[in-house]
Amino acid sequence: MTTPSSESIPTLRSRIPLWVQIIIWVALFSLLTVLAASLFRVQIPMIEIGQEVPEFTVPLYEGYGYDGSAELVFSSLRGKVVLINFWASWCVPCEDEASLMEESWRFYQPSGEVVFIGIDYVDTPANGMEYLDRFAISYPNGPDLQGRISPIFNRDMGVPETFVVDRQGVLRAIKIGPFTSVEEIQVILDPLLVEK
Amino acid sequence: MKNGRIKFILGAVSILLLLLNLIPRTQVSAQTPVPPSDDEVNAIASELFCPICENIPLDVCPTEACRDWRELIRQMLAEGKSEEEIDLFFVENYGARVLGTPPARGIIWFAYILPPVAFVIGVVLLFKAIRPREETAAKQGAAIQQGPLPPGKADLSAVSDQEYRVRLETELKKRAEDN
């Protein structure tokens, strides 16, 4: 019986030129890299109560600046209790709490120990400004440009949502939906003000 | 002489009327610019996605917020903004995710380059896989015409896969027994 030599056995791999094999491996590697990067991005955990809030900067609307600055750097508020309220002009429930927020801000503002930040979530600047004007809101407010801030707190943000941060920059309370009274806000803020 | 004068007067009146006709049109077009039509607005809106209700193009999105964004597009068009400028505004405010056709940069670049590369590789592989079979078939035809091969030479082209596998397994078993 004659035996076929190994050279005469044609395999698909031996028929593919080296440069094609290299391209295939590079393409596969690239595809896996893209998938891994996407998965990694999706799996970045949202901040939870008890965790330190990462750094972010809010570009503020004209007339709604903080300490004369047109933007607010979160780390500059260390030592103060911070209330971060996400809202939008198209959001009807936001209107329910808008005046409560402003009333609370006016209550805490003189002490200088609490800072309110309003973040206009996915809105048009004109509508956002009109909303602020309509509810006579005076605390710092700015847009969530390119949706960079909201995913830190909630990837599936639904306005209104409010996040309260203590003097050490740690997230201490989350309120999904509108506040219904000034007292509800005070119940969250007052204990944090006692802490040093 | 009289005809010439009449022609001159008629010509002068015609030119005057023509000029008078032009002046008001210029003034009207400067005072009341034509607002962008719904079609013009939707042509741009269809290339953008609603930033809050994902996967819904802005031109068909029924929410109040989307209506506001369409009005914003109309306003920007009326201000003379180009489609690129409007797209840029939306990207700066709501991120690149609102674009129907994401820009080919960063990781998104792979989404553009991988499909054509995979297609080319597929075509090359297909070509490489088909060509040897054609060559085998040609050899097989030639072998039939030439007659039997000299002793000691295996005519693989004429051997089916099944026969080849059986022969290979038999040979391997024999070698294993010898060892």
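Residues numbered from 1 in each chain as written. Chains lettered and ligands numbered in written order. Predicted model: local features only at pLDDT ≥ 70, side-chain atom pairs only at ≥ 80, totals over all residues. Heavy atoms only, no water.

A. Broad picture of the interface of chain B and chain A. Facing the 31 residues of chain B at the interface are 29 residues of chain A. Interface area, chain B with chain A, both sides summed: about 2600 Å², of which 74% is carbon and sulfur. In this structure, the connection of chain B to chain A is made through zero salt bridges. Connecting chain B to chain A are four residue pairs in polar contact (both at pLDDT 80 or more). (Contact = heavy atoms within 4.5 Å. Buried area = accessible area lost by both parts, 1.4 Å probe. Salt bridge = Lys/Arg side-chain N within 4 Å of Asp/Glu carboxyl O. Polar contact = N/O pair within 3.5 Å; in protein donor to acceptor, adjacent residues only side chain to side chain.)

B. Representation of the pairing of strand β3 (residues 81-87) of chain A. All names here are of chain A. Taking burial as the measure, the seven residues of β3 include seven buried ones, the bulk of the element. By the alternation rule, side chains of β3 split into Val81, Leu83, Asn85 and Trp87 and Val82, Ile84 and Phe86, which are all buried. Pairing between β3 and strand β4 (residues 114-120): seven bridges, direction parallel. Following the sheet pairing, leucine 83 is matched in β4 by phenylalanine 116. (Buried < 20%, exposed > 50% of the residue type's maximum accessible area, 1.4 Å probe, protein only. Helix = DSSP H or I, 4+ residues; strand = E, 2+ residues; numbered from the N terminus. Pairing = 2+ DSSP bridges.)

C. Layout of the confidence of the model for chain B. Residues and elements named next belong to chain B. Averaged over chain B, the pLDDT score is 80; the fraction of residues at 70 or greater is 78%. Across chain B, helix α2 (residues 38-45) holds the top mean pLDDT of 94, while helix α1 (residues 2-31) sits lowest at 62. Note that residues 24-29 has pLDDT below 50 and, in this model, zero contacts with residues that lie over four places away or in other chains. The ipTM, which scores confidence in the relative placement of chains, is 0.71 for this predicted complex, and the corresponding pTM is 0.66. (pLDDT = per-residue confidence, 0-100.)

D. Spatial organisation of the state of the cysteines. Following the criterion strictly, the structure yields three disulfides over all chains and no others. With a sulfur-sulfur separation of 2.1 Å, cysteine 91 of chain A is cross-linked through a disulfide to cysteine 94 of chain A. On the sign convention where negative is left-handed, the bridge of cysteine 91 of chain A and cysteine 94 of chain A, at about 95 degrees about the S-S bond, is right-handed. For cysteine 50 of chain B, the disulfide goes to cysteine 53 of chain B, at an S-S distance of 2.3 Å. Its torsion about the S-S bond being 95 degrees, the disulfide of cysteine 50 of chain B and cysteine 53 of chain B is classed as right-handed. When the bonded cysteines of chain B are numbered from the N-terminus onward, they pair as 1-2, 3-4. (Disulfide = S-S within 2.5 Å.)

E. Fine view of the pattern of salt bridges. Residue and element names in this part refer to chain A. Counted under the stated rule, the structure contains 12 salt bridges over all chains. Between glutamate 52 and arginine 78 there is a salt bridge; the shortest N-O distance is 3.2 Å. Of this pair, glutamate 52 sits in the loop between α2 (18-42) and β1 (57-59) while arginine 78 sits in the loop between β2 (71-73) and β3; the two residues are 26 residues apart in sequence, bridging distant segments of the chain. The class of glutamate 52 is exposed, set by a relative accessible area of 51%. Among the charged side chains, a salt-bridge network with shared partners connects Glu95, Glu130 and Arg134.

F. Representation of α2 of chain B in the model. Residue and element names in this part refer to chain B. Within the sequence span of α2, burial applies to Val41, Ile44 and Ala45. Along the axis of α2, the buried residues cluster in a sector spanning 100 degrees; they form a single face. Among the structural elements, α3 (64-78) and α4 (83-94) are those in contact with the buried residues of α2. (Arc of directions from axis to C-beta.)

G. The arrangement of the packing of α3 of chain B against α4 of chain B in detail. Residue and element names in this part refer to chain B. Taken N-terminus to C-terminus, the directions of α3 and α4 make an angle of 140 degrees; their axes are 10 Å apart at the nearest point. In terms of orientation, α3 lies oblique with respect to α4. Crossing angle aside, the handedness with which α3 passes α4 is right-handed. Together, Trp69, Leu72, Ile73, Met76 and Leu77 of α3 and Glu85, Ile86, Phe89, Phe90 and Tyr94 of α4 make up the contact between the two elements. Looking at the contact of α3 with α4, its residues break down into nine nonpolar, no polar and one charged. (Axes fitted to C-alpha atoms, helices over the stretch in contact; angles between N-to-C directions. Parallel < 35°, antiparallel > 145°, perpendicular 65-115°, else oblique. Left-handed = near helix turned anticlockwise from the far one by under 90°. Nonpolar A, V, L, I, M, F, W, Y, C, P; charged D, E, K, R; others polar.)

H. Summary view of empty space enclosed by the protein. Residue and element names in this part refer to chain A. As enumerated under the stated definition, the model contains three cavities of 30 Å³ or more in all. Its volume calculated, the largest cavity comes out at about 40 Å³. Lining the largest cavity are Asn85, Trp87, Cys94, Glu97, Ala98, Met101, Tyr131, Leu132, Ile137, Tyr139 and Asn141. For the lining of the largest cavity, the secondary-structure elements that each account for two or more residues are β3, α3 (92-108) and α4 (125-134). Top contributing element to the lining of the largest cavity by residue count: α3, with four residues. Per-class residue counts for the lining of the largest cavity are eight nonpolar, two polar and one charged. (1 Å grid on protein atoms, 1.4 Å probe; cavity = no way out; pocket = protein on both sides within 12 Å on 5 of 7 lines; lining within 4 Å. Points joined across faces, edges and corners; volume = space filled by probe spheres on them.)

I. Representation of the environment of alanine 65 of chain B. The residue alanine 65 of chain B is located in helix α3 in this model. Classification of alanine 65 of chain B by relative accessible area gives buried; the value is 4%. Once the C-alpha coordinates of alanine 65 of chain B and isoleucine 52 of chain B are considered, the two residues, 13 residues apart in sequence, prove to be 8.7 Å apart. Contacts of alanine 65 of chain B, omitting those with residues within four sequence positions, involve Trp90 of chain A together with Ile52 of chain B.

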